[in-house]
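# Fold and geometry: a report
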Amino acid sequence: MKVRLALSLTILAALSACANVKDVRSRDPVFYGSTQRSAEDYTACVASAWKAQGIKFEQKAVRNGFELVQSDSLGVEAVLTTTHWKGKTETRLSTRINRRDQTMIEPANLCL
């Protein structure tokens, strides 16, 4: 009985630690900027740099732009959202865990 309860609590704790895109996107950004590039070009530049660093991610289309979503076993770790609106492209990177911020921010900054 105690083992079953402990196992249930462990699973519940693990599931509650999972984060989704909306959770991470709603956090304060660790990087944001504006560029003259199109959302597609900027996202492709960052995706190429992240891929070269071994960062695994998914690219998703969003309204007026794209998102790069980096996940691990506990859910979404980082979200880079790039949108084009009224003639300019804006980007923001939000993370849940700060351990990889700099390796993700540098390419995002260099691609501006």
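What you are looking at is a predicted structure, and each value in this text was computed from that prediction instead of being measured. (Residues numbered from 1 in each chain as written. Predicted model: local features only at pLDDT ≥ 70, side-chain atom pairs only at ≥ 80, totals over all residues. Heavy atoms only, no water.)

Attention now goes to the packing of helix H3 (residues 39-52) against helix H4 (residues 101-110). Packing of H3 against H4 leaves a shortest axis separation of 9 Å and a crossing angle of 140°. Looking at the two axes, H3 sits oblique to H4. As H3 packs across H4, the resulting crossing turns out to be right-handed. Across from Tyr42, Val46, Ala49 and Trp50 in H3, the residues of H4 making contact are Thr103, Met104, Pro107 and Ala108. For the contact of H3 with H4, the residue count by class is seven nonpolar, one polar and no charged. (Axes fitted to C-alpha atoms, helices over the stretch in contact; angles between N-to-C directions. Helix = DSSP H or I, 4+ residues; strand = E, 2+ residues; numbered from the N terminus. Parallel < 35°, antiparallel > 145°, perpendicular 65-115°, else oblique. Left-handed = near helix turned anticlockwise from the far one by under 90°. Contact = heavy atoms within 4.5 Å. Nonpolar A, V, L, I, M, F, W, Y, C, P; charged D, E, K, R; others polar.)

Moving on: the pairing of strand E3 (residues 65-72). In this structure, strand E2 (residues 58-62) lies alongside E3, joined through five bridges in antiparallel fashion. Opposite Ala61, over in E3, you have Phe66 as the bridge partner. Counting the residues that bridge the hairpin from E2 to E3 gives two residues, and of these Asn64 lies at a positive phi of roughly 65°. Between E3 and the antiparallel strand that follows it, strand E4 (residues 75-85), lie two residues. (Pairing = 2+ DSSP bridges.)

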